[in-house]
Every structure is written in structure tokens, then in C-alpha cells.
Amino acid sequence: MKMSLLACAIIVTIALPVQARVQTRDARTAGAAPSATPSGRAELTVVVSTDEPSTQPLRRVSVAIQAGEIDIPRIGVTDDAGRVVFRELTAGNYRIVASRPGYVRTFYGSLLAGRGPGVAVSVVEGQRNPEVRIRMLRGSVLTGIVRDSSGRPAPNQQVQALMVRTAGGEKRAVNLDAGIGSVITDDRGAYRIFGLAPGDYIVSLPLIGLTGQQVRQMTTAELAWADKVAASTARPSTAPAIAAPPEGPSVSYAPVYYPGTTVAAEAGVLTIGPSEERGGVDLALAVVPTAQIRGRVVDGENRPQSDVTVQVRPTQPDALDLYSSLLMRPARTQTDGTFTIQGVTPGAYTLTVRATPRGDTASAAGPPNPAEAMRQAFALMGGGSGSHWAAEDIVVEGRDLSDVTLMLRPGMTIAGRIVYEATTKAPPTDMTRAGLTLISATASETTTAASALLGAGAADVKIAADGTFTITGIAPGSYRLNTPLGMMSSALAPGFGAAAGGWTLKSALVNGRDISDAPIDMRSGTDVAGVVVTFTDRPSELSGTVLDSADRPTPGFPIVVFSTDRAYWTQGSRRVQQVRPASNGTFVVTGLPAGEYYVCAVTAVERTDLYDPAFLDQLAPASLKLTIADGEKKKQDLKLGTGP
Amino acid sequence: MTRLSLFIVGSLAVLIAPLLLAQSPPAPGRGAAAGPPKATALIIGQVLDASTGQPISDAIVTLTGGRGAGPAGAARGPATPQRVMTGADGRFVFHELLPGQFQLSAGLKGYTGSLNAPGVPAGVSAAGSAAAAAMLAAVATTTGPTTTIAVEEGEVVAGIRLRLWKTAVVSGTVVDDGGEPAIGIMVQVARRVMTAGRARYLPGAAARTDDRGMYRISSLVPGDYLVVVPQTQTSIPTAILTGLMGSMTGSGSPGGGLALLDLATSGVNPNDALAGGVRVGDYMVASGGSVPLSGADGRLLAYQTLFYPGVDAPAQASILSLGSGDDRTGLNFQLRLIPTLRVTGAATGPEGPLANLGVRLVAPADGAGNESEFDVATTVTRPDGTFTFHGVPPGPFLLRAQKQPRPPMSAGMAAGSPLMEMMFGGGAAGPPAEALYGSMSVTVSSADVDNVGLRLAPGLHAAGRIVFDSASGRPAPPPNQIQTLTVTLTPMDGQSGGGLSGMSQPDRANAQGEFRTRGYAAGRYFLSIANAGNWQVRSATLNGRDVLDAPLDLRDDATGIVVTMADELAQLSGTVTSRGETDLSETSVYLVPADYRAWITAGMNPRRARTVRAGRTGSYAMANVPAGEYFAAAIDRADEGDVQDPAFIEVLSRIGTRVVVGVTPRTLDLAKTRVRR
């Protein structure tokens, strides 16, 4: 395990008696309700300059300030002196982000170039707030040339740089903000990716195989044979007497990773320094043999199943490959239950189907209307829709595969009921719209968020008006149950406190285990019943102030709060959260489920490290332990000591 | 903008994009009928660089067709296309072919198969979607027009040449008003296409400047171009974004996403303002993807749309004639920051104020060309129908708005998608049953323009009936076939409706042959009937006047149109000869009306101008030619021109052979002619 993960010393966290601190609280910690003041009188000045030895003011920088996760940011542009003034601000903790094309997006107070969230600046009403200074790094540049197999420049090829982070010993690719890392080669095959933050990158041609078309490569033997036939044929309508040589292989362009591999795991990692211009990152198009996969889908009684969608996915998706699912085109079965998938590049794949078996073989009539087509397309993100499933692993090595049989088997079921714990709000009388979704625990953050947004869960959820629900058609695997908004929040914006209509998911309990955070393993033939999903209108809150050894509020250190139960140290868990204190040292963590937690201040934390058990194990001994009860609004100040 | 809201906005853009491009799926191919002929035919050919004559390796050659030679209409579905990749010598072979008609085409990135490629697909050209158009243009491999080859059993067809032209490139540098490199600025080309004899500049490929301010736009099909740094000032009420977030989080009312759908149906793309706009009053304002600046007097300063060489009107712009392989460098720009003004007003429809309506401000048509395809500014109405454009430069403009019926999607989308239900479901007001259109002139000079009243009126309809008149006494098609006939009006000026208008189903006749189209904006249109099988339009009249060759001038509903379908299939066929040439497949045969001057004056109805490729042996055939007198000419594909360009029609009339096409097949042999233009 790489110790550099921590990139910092753990700070021993000392509990302080709460009553010892009487802190000026800002609007956010004073209560959940937003400030009633329509427009404030506070003022904030931001001055931006270049991060160079001879620092220069930077003009035309967009500076966005934002108090809450879903507020519309206020944006100002710096003048020739690099200065922008925000007026009529209400009191609050403002996060500040500076952007300028060609420069690295800078989150005020963040120690990591290009990454947030940074330190929020506490703006106090009626007070002259200090000037905030931001230094922006000129972005690094990657350039190179893409050529085809014969060395010709390859124009119009998409080249992508993805940042690489390492967590738990695994390298993961991370998309860059706002498409910074993606460009298209020009007619000379040249590309230039700019505005990069220093860090580790992989560079690839990610979507080159997207067409999924079967293309045959010409062989000289074939052409020679054709010439011979043409020469020997005196006139048309004479059948060639010479047998044709074997056809050339079916090929496709495969995604290529610098320095020249089609295997994501073998991609070379480029470490780019601040404001560095790295040239010569050249790529060559790779033509690989492809195969055609033929098979059929049948039900348990071997009856062919028409009009079902067969999906292809890499059996072991590589965390450096974010696009493999896009490159694979789903196939639809014909009336005889057969399907054909063309242009499959070498690799290990799993074919999956979700469908409800039909006894008759009649094809569905007519094309679906646009809305239905769209719904079906969404459902495919979660693997389709239906009561049954089938899956088959295949290995493709350039040769066609036929006779792959996918037999539909009944999916598993999760059943339970929804309960509302109401303190101030009236629970809904019709619970059909409570919104629950089951999503694979192994899906990436982006997939999870997109599936949740589209309602493309891994199974079909039905909720009755009285809150009883059944989730059917579950294939074996590991899943989490949450609201769509909760899923999105856990994937994209932890701590955002996903409260649909003021109701927060408190827990989804099976045998004392909360499957909204700790995935449930569904095995073939085992249904799960008695799940109790509880919504509350009283989410918990942990707040306090971080103080340095001289008892001064200090904003510099992120706080990590995590369950003492290792079972909850999972990707996207609500029981593992990080928060940056504001500039006055105050912090708030909302929506922690009841339980026992460790709280620790660290010098820096990467989001990808947050769920890494090795990282959390190191934090635990230096942490403060505390218990959060249902709906508790707990105050806990933290005092920093010196590390061991 | 936060990660979450960016994700949502991004996802919505992704969701709406397929709607903009949606087309009904093609009918699935049905099983192959095993026939007695043997699969023994062969096609051998080579892909060549048209300029250098050098073979092109790694080109993809696509063979489609191979449908049975049975009676037309009984043909089976298209066979799966076969694709091969050429080797080092550019050669290819397709073998084991059944007898039949095949289409061949070749493609490779950086090359084009046609010197006269169509512009950006209709609907995508709507302003605001420039980025989408650019993306399409960049990712697509331009495949050439197809060469049709008929093969017999066991036939060996050798020596097919497929020519590809190298595309052209433009490049330069953009600096801002302070002389610093302007980074991330979009530069776009607009290709000149002719419609009804007037020039239109269709936004095409685009590129963004890099960190040195440099841009390079490649893959340009030879032709005449403008180079533009388009700057559209986009405004959108903040209420739409807060409504969206409110629906998402459940803190607001459901259906916040409907506003975005409304915007899509009015052809406005607010993504720039949503993703990174500055708050001005109750609007978010973005300036060509960047943030507008405030001047000392509080007015917004914005970059002006510039056409090379740095002028603000297309009429003064340089037209670059790009040939195959041309590389134009030094097309540099210096951005100009100008003080802008505000235009406010209100949009009303027949039933009152129109909320969430996209309103566009465009440069009007001038003597040189049509209405500009580059929006000067766009905005969106508030719930009470009022609107504000921020950042408007001075000038004469046309204010345009349309509201298409909302696509029927809410019910289906909500099923199984709780968030979609939140976004699109709920008690939103019903969609307007009719498309609404509005347009008016606005001139902005030195002061803000306030209280502009924009009225939208329901679209106009064309209605009538379709009758069948067979010369051979053939009965009219059965009612179920008549119901599949589609009736379409195509604007004479080629201006597309934009937005979601392309998504709705085409208008069909009923079983009795009666039809009533959707509402169109007032204007002049060409009427066409499709899906008629072996039947062909012979005439269309309104109150005894021709509305088939002449445009239909829609000022009110046009009712009582009589469309007569006939089954006489007037055909023109023949053979092209050319001294010293054995393979004539690179020959195009043109047919244009003999009374071309009158035809040009009447708007150049595309129905009366035809182009086909000759076969290898020089044979050509044009089916369903409207009866009349024409000029026919055979020219090399390298000399191809635009049949909507009067100058090219003049050329064809000079070299063409006069021919009368009646109601029976006509044969005409042609000698290939060199064209000097």
C-alpha cells in the first residue's frame, strides 16, 4: 500500500467540550432554513494573479462564488488589475472558483491544482471582508500526432487525456472538467490538449471503434485471385473456375492508449508538471481483428425469445477505460430468438439479457413511439427491463463465435415496505412516488448517477400506495437500494443532503444492515423480504469549529467523518463523508445516519481515497469517536494537536 | 456551477439531442429469400486520390444493395452492407455476389467523395446548435455518393475507380481586444449553398482556438466559404434553472424540465447561459460561451460576430473559394468589444402571453443573401411572456419566434423513471395544439429598445385531396396505401424550422386521399408527395393555378388543393460516350428545364432538376421525370456544380442537349462534355 496516498501527516484530533466554545455562527449553521434576508450588504473582493515567480494580475478571469450546492453562482470577471468586487452579498460561506481558458481552474484554498472543493470564505454581514487572493497556474499542454498504420496523419480523430488517480492500489481514470481533455486531430493528425492541471494522465483514442461495423481487410492473395479470374474470363457471365482464397480478416479500429497499446491496463501514465508543455505524445491507429458473435435467447423451456436486447460488457471492466460500454452495441433478437453482434474486438465479455419471457414467438408490432423508444433506451443503462435474466461469459480472440445460448432465468425479488418518520411534515398518503432504485454496487460514479437520473435501475421497482414495494427481475450481483436523488448525490455531491420533497432516506434495513450504504449480495434463487425503508424529515447534523493548538479557528484542514463499522466503507456511502471547514473554521456535515463515527482532520484528502479502507484504517487511530442519534443536531468542536 | 447541476444540465442536453436528430427507425430487414442464381459475380476496383491519381489505402469501401431483380415494389429489404478496407494499392474486391444492383461508395477521414456534398443536415443548422453541427461534421466520415453497378450471374466487373478528393483547411489566430491570444473561442466556417438562386451560408465545421489563440478547421469539402467568429448573446431567466433544480430536489414543483423542452421546440439552445452565464437582473447571460463584461457605465460589453477579414456583416466578408487540398493560413481575427443595448418586450399568442418561449434576434436577409443563420442574440420569455435580450449590438434585426407542439413524450418517459417524472411529469399546462409563428423587425441604434410586442399566430395549413388518374386504367391504390402518402411543404428559401420541428411525424393523407398539413409559417413553399409507390404527381392546383412547379404562396390557409397522381412513368435513359474513356462511372448526367429562366424566377423547384451518376458503361436512367422540355448534359464529376445556382444552370443550358420528355420512356444518348467555369 502506498503511504503517499495520505500525502500528509494525520493530525491528532482532540475533542473539546462543546460549551467551551461560543462561536459566531454563520447563517448556514444557525439552521437549515436559508437566510430570510433578500440581499445583503457584505462585499467581497477577489484579486487574481498568475502563479509565477514574477506574478502578474490576470484579466478576464471568470470568478464564481457560490454559497450552497444548488444555488446559482454569482459570476464576475476580473479587470485589468485582476480584481473583481462582489457587492450586496448576504452573510454566508462562499466557495470561490476562478476559471480562465488556458489556465487551471482554481478553487480558492484547495491545495490541489484544478480540484475542489477548497476553503469556503466566511462572509460576515456589515463587516469589511478581507480581500481574497487567488493565484492561477497556466495550464499544462500535451501535444502529439496521430498516424494511421501506414504512417499517414490521421485527421478528425478524437484524442482524450484522462487524469489518473490511484486508490487502493488501483489506477482509475477520471474525466476532466467541461471537456478540457478532449480534442480532435487536425488534417496533419496533430492535436493539442491545453489547460491541464499538473498530475498523472493517460492519453488515448477512446471512441475510435464506435461504429461497431464489420470491415474486412483486403489481402494480396484475394486481389491476386480476383485478377486471375478477371484475366481468365473472356466475357461476362462466365463463372470463375478458380476457388477463392480465404477472405481477409474482419477488422476494426481499437481504442489505443499511449504509448501504443489497445489494453487499458497497459496504458502509460504521463506525469505532467505545472505549466509544462509535453510534446511527442504520438499515437498510431491500431487495426485489430474482430469477431461476430451469434447466439440465441431462449426461455426456461427452450422457446426462442424475440425482440429482446442482448448487451455486451467487458467481464472485468478496467478502471482506466471509461468508454468500453459505449463501444459495444447491444443487439436485438430476431423472431427466431437469434442475435448477431458484429465487430467485437478481442477481450473477455459478458453477454447479458433482462426480459420477461414470452410464450409465443410473435414479434412486437410496429416500431415503438419516440417516448417508448427513449424509455427503452434509458432502461438499457440498467441492463434492460423484465422479470428474468441471463448472462454468459465469452472470450473473443478474433474468431467468430456462434451458438451462444442465453437462457432466461427468473430474477430474484426484494420486497419490503416504506415507513415515514414524521416530526413536522405530514407523510404522503400515496407513496407510489416515493422513488426507490436498485443500482449495481460495482457501477462507476457516472453510471450510477446517470442510471439514477434516467430511472434505469438494475431491476423493476413497484411501490403500492400504502408503501409496500417489490423489486423484481434482479440478476445475481451486489446492489445498493436508495432514492434516485440519493444515488446521484452519493455519486456526485456527497453531503448535498438529498431531500426529495423534504424527506431524506434514513435507512433501508435488512436484518439490521442498511443496504442503502452497505451493498446487498443477491445470489441466484434467494429472494429477500422484509426490507424496511425509512424516510425522515429530520436529518441529523454534525457541526463545529476546527481550532488550532492556540485555540484559533483554522480553515486549512478537511474533516473526514466515517462509520466505525467497516461494512459501510463503500463507494458512495453516506457514512463516509468529507467536509472543508469555512474560512472561520466552522464545518457542517448533514444527513449522517445514526451510528458511531470517527471524526478526523487531515491535511488533504482525495475523493478517490475517501472510500479506501487502507486510508480509513490509518485515520481511525488518530480520530475522535462519537455517536450520532436519529435526527440529532450535534455540535462538536475539534482541536488540532501535533501528529504522533 | 456545481458538479450536480452541471451534470443535470449536461444530461438534459444529451437527452434532448437525440430528439433533435430523431428519425423513425428503418423497417427491419426481413430474411433472405434463397434464390436459384449462384453467388459467383465479382466486383474489382480501386480507390484513388482524385487530384493526384494515387491509390488510397485504408479507405473503407461499402457495398450495399444486391436486391432481387423482381418487379419494383416487391424488392426485398436491403441486404447487410459489406465493408472492406483497401490495402496499400488502394484496391478492393467483392466476390460471391448474387446477380443484382449494387451501390458502391468509398470514404476516408480527410477526404470527401463529393465536391458537391450537402451541407449540414437540416434541423441541425438552426443557430445555437453550431457546436453540435461542428461535432457532427468533425466525427463523420464523408462518404461519397454511390456508384450503381448491376451485375449478372458470374459477371466479373473489373476496373471500378472510386475517386476521393482531399478536403481543404483554413487556419489562423484570434486575439482579443487587448491583443492577447483569445483562448477557447469558436471559429466556424459557413459554406455557401444556393437555394432558389440565392446564397445561403450554412454553418458548418468549427474549431476552438487553443492556448495560443490558434485554430485550424479541416475536412472542408471544396466550395465557397465564409470564416466566422460567431458570438451569440444568450439570455435565459434564472427562474428556469431554479425551477429545474427545485424539481430535482423536490423543493419546488415538478415539471421544471418542461421549460427546457419548450425551448427546444422553439429552436433556442440555452446551454451557454445555463452552464456559465452572468446574472443580469433576473436573467443569466452568456456571450458566445464566455462571460460578458460590464463597461464603466454598467452596460454590457460583448464581442461582436466577425466575418473574415474582420467585418461584421456577411455581405462585406471575403468569400474563400477552397479547392481540394487547399490549405489557407493566416485567416486572423482581432475581436472587438462593443457596448451593447437591451431589447425588452412581450410575446403573445392567440391565447395570451407565451411563457418559456425562445426568441431569436437575427440579421435580416440583404441583397446578397438570405437571412443570416447566425443568431445575434437569443432569449427566453418569463412566465408572463415578457422577455429581455441582453448584450445586443446596434443594427437592424429580425425578431423571430416559433412554438412547435410539444412532442408527446411525458407519459412514456415518466414510466419507470421517477426523476423524469419529476422533471417532465406533473401538472404542467397542456401543449399548444398548433404551431405558432411570429416575426417582426427591430432596429437597435443608440438606446435600449423597450416594450416590443411580438405576436405569434397559428401556422397556416395546406389542405386538399389526392386523386388518382391512370392512363392505363389501373385502379387507385387501396385505402390503406393511400393513408401512407405523405404531404410535405419545403420552404423555397431553404430556411429550416429548427428545433424539434423535424421530430414530428410527416403529415399523411387519410384513406380517402384527403390531407391537411400541420401549420407552417407564412411564406412560399414547394409541395411534394412521397411514399406513393409507383404513382407519381402529375399536377397540383389551387383554384386552377399550378402549385406544383410554382411555389405555393401561403398567406392564409390554402384549402382545396387538388393533387393528381398518375401512373405513367416517364423515364429518360441512354448512354454517355466519351472518347478514350472506358469507365464512365465518374460521369454525372444533369437534366434542367429548357425554360430555365422562368424556372429560376419561379424559385427553382428541385423537382424539375435531376442528377444521376452514369454506370460504368455509360448507361444512365432517370425515372419519374415530370413531362416537359429539358436540357440534358453529361459532365465529369470533378466539374459538378450546384443545381440551385443559376450560373451553373446557365452552363448546363449552353452545353446541354434539348430533349422533350413526355409520358412514355424516352432514350437519349449523350456525349460527355468538358466544362470550363
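Residues numbered from 1 in each chain as written. Chains lettered and ligands numbered in written order. Predicted model: local features only at pLDDT ≥ 70, side-chain atom pairs only at ≥ 80, totals over all residues.

## Describing the overall build of chain B
A count of helical and extended segments in chain B gives 10 helices and 49 strands. Considering chain B as a whole, with its 677 residues, one finds that 50% of them fall into the buried category. Within chain B, contacts between residues separated by at least 24 positions form 78% of all contacts whose residues are at least 6 apart in sequence. (Helix = DSSP H or I, 4+ residues; strand = E, 2+ residues; numbered from the N terminus. Buried ≥ 20, exposed ≤ 12 C-beta atoms within 10 Å, placed from the backbone. Contact = placed C-beta atoms within 7 Å.)

## Side note on the overall build of chain A
The number of helices and strands found in chain A is 7 helices and 49 strands. The buried share of chain A, reckoned over its 644 residues, is 47%. The contacts in chain A between residues at least 6 apart in sequence include a share of 76% that link residues at least 24 apart.

## Description of the pairing of strand β16 (residues 199-205) of chain A
Residues and elements named next belong to chain A. Across the 7 residues of β16, 6 count as buried, placing the element largely inside the fold. As paired strands, β16 and strand β20 (residues 270-272) are joined by 3 bridges and run antiparallel to one another. Within the sheet, the bridge partner assigned to G199 lies in β20 and is I272. In this structure, β16 lies alongside strand β19 (residues 256-257), joined through 2 bridges in antiparallel fashion. Following the sheet pairing, L205 is matched in β19 by V256. (Pairing = 2+ DSSP bridges.)

## Here we look at the nonpolar core
Residues and elements named next belong to chain A. Judged by nonpolar contacts, the single largest core of 162 residues is most densely connected at V63, I96 and I202. Setting aside residues no more than four positions away along its own chain, V63 makes contact with V46, V48, I75, G76, T78, V84, I96 and A98. I471, A475, V561 and F615 belong to the second-largest nonpolar core, a separate cluster that totals 86 residues. (Core = buried A, V, L, I, M, F, W, Y, C linked by C-beta atoms within 7 Å.)

## Overview of the sheet that holds strand β17 (residues 293-294) of chain B
All names here are of chain B. Sheet architecture is open: 3 strands sit in the order β17-β18-β23, paired in antiparallel fashion. At either margin of the open sheet sits one strand with a lone partner, and together these are β17 and β23 (337-339). Relative to strand β18 (residues 300-303), β17 is paired through 2 bridges, and the arrangement is antiparallel. Opposite S294, over in β18, you have L300 as the bridge partner.

## Re helix α5 (residues 445-454) of chain A
Residues and elements named next belong to chain A. Within α5, 7 of the 10 residues are buried, which leaves the element mostly enclosed by the surrounding structure. Taken together, the buried positions of α5 are occupied by T448, A449, A450, S451, A452, L453 and L454. Downstream of α5 by a residue or two, G455 has a phi angle that is positive, lying close to 70 degrees.

## Comments concerning the pairing of strand β35 (residues 468-474) of chain A
Residue and element names in this part refer to chain A. Sheet topology note: the strand β32 (residues 412-421)/β35 ladder contains 5 bridges and is antiparallel. Bridged to M412 within β35 is I474. Sheet topology note: the strand β34 (residues 460-463)/β35 ladder contains 4 bridges and is antiparallel. Opposite I463, over in β35, you have F469 as the bridge partner. Here β34 folds back onto β35, and the loop between the two strands holds 4 residues, one of which, G467, carries a positive phi near 95 degrees.

## Side note on the confidence of the model for chain B
Residue and element names in this part refer to chain B. In the predicted model, chain B carries a mean pLDDT of 79, and the fraction of residues at 70 or more is 78%. Note that residues 68-78 has pLDDT below 50 and, in this model, 21 contacts with residues that lie over four places away or in other chains. Here the complex is predicted with pTM 0.81, and the ipTM for its interfaces comes to 0.80. (pLDDT = per-residue confidence, 0-100.)

## Here we look at the environment of V124 of chain A
Residues and elements named next belong to chain A. Mapped onto the elements, V124 comes out in the loop between β9 (121-123) and β10 (132-136). What makes V124 partly exposed here is the crowd of 15 C-beta atoms within 10 Å. Taking the C-alpha atoms as reference, V124 lies 85 Å from D227; in sequence the two are 103 residues apart. Ignoring sequence-local partners within four residues, the contact set of V124 consists of A42, A91 and N129.

## A closer look at unusual backbone geometry
Cis geometry marks the peptide bond from Y258 of chain A to P259 of chain A, where omega comes out at 10 degrees. The residue after Y308 of chain B, namely P309 of chain B, is reached through a cis peptide bond having omega 5 degrees. Within the fold, P309 of chain B resides in the loop between β19 (306-307) and β20 (320-322). Even without being a glycine, N531 of chain B presents a positive backbone phi close to 70 degrees. The topology assignment puts N531 of chain B in the loop between β37 (523-530) and β38 (536-542). Residues other than glycine seldom take positive phi values, yet N543 of chain B does so here, at roughly 50 degrees. Take N543 of chain B: it is sitting in the loop between β38 and β39 (545-546).

## Description of helix α2 (residues 220-232) of chain A
Taking 1.5 Å per residue as the helical rise, α2 of chain A with its 13 residues ought to reach 18 Å, and the 18 Å between its terminal C-alpha atoms agrees with that figure. The set of residues buried in α2 of chain A consists of E222, L223, A226 and V229 of chain A. Projected down its long axis, α2 of chain A carries its buried residues within an arc of 120 degrees, all on one side. Summarising the geometry of α2 of chain A, the exposed residues directed more than 90 degrees from the buried face are A224, A231 and S232 of chain A. The inward-facing, buried residues of α2 of chain A contact β1 (41-49), β4 (91-97) and β8 (156-166) of chain B. (Expected span 1.5 Å × (residues − 1). Arc of directions from axis to C-beta.)

## Structural notes on the environment of R208 of chain B
All names here are of chain B. The topology assignment puts R208 in strand β11 (residues 198-208). Residue class for R208 comes out partly exposed when judged on the 19 C-beta atoms lying within 10 Å of it. Each C-alpha atom of the pair R208 and L485 lies 44 Å from the other, and the pair is 277 residues apart in sequence. With near-sequence residues (within four places) excluded, R208 lies in contact with G184, I185, M186 and Y215.

## So, the sheet that holds β37 of chain B
Residues and elements named next belong to chain B. Reading across the sheet, the 4 strands line up as β35-β34-β37-β40 and stay open at both edges, with antiparallel pairing between neighbours. Two strands in the sheet have a free side with no partner beyond their single neighbour: β35 (507-508) and β40 (552-554). Strand direction decides the pairing type here: β37 and β40, joined by 3 bridges, are antiparallel. Note on β40: the bridge partner recorded for Y525 is L552.

## With respect to the environment of R212 of chain B
Assignment of secondary structure puts R212 of chain B in the loop between β11 and β12 (214-220). Sequence separation of R212 of chain B and A550 of chain B is 338 residues, and the distance between their C-alpha atoms is 53 Å.

## Focus on the confidence of the model for chain A
Averaged over every residue, the pLDDT of chain A is 80; residues scoring 70 or more account for 83%. A low-confidence stretch, residues 1-38 of chain A (pLDDT under 50), is modelled with 73 contacts involving residues beyond four sequence positions or located in other chains.

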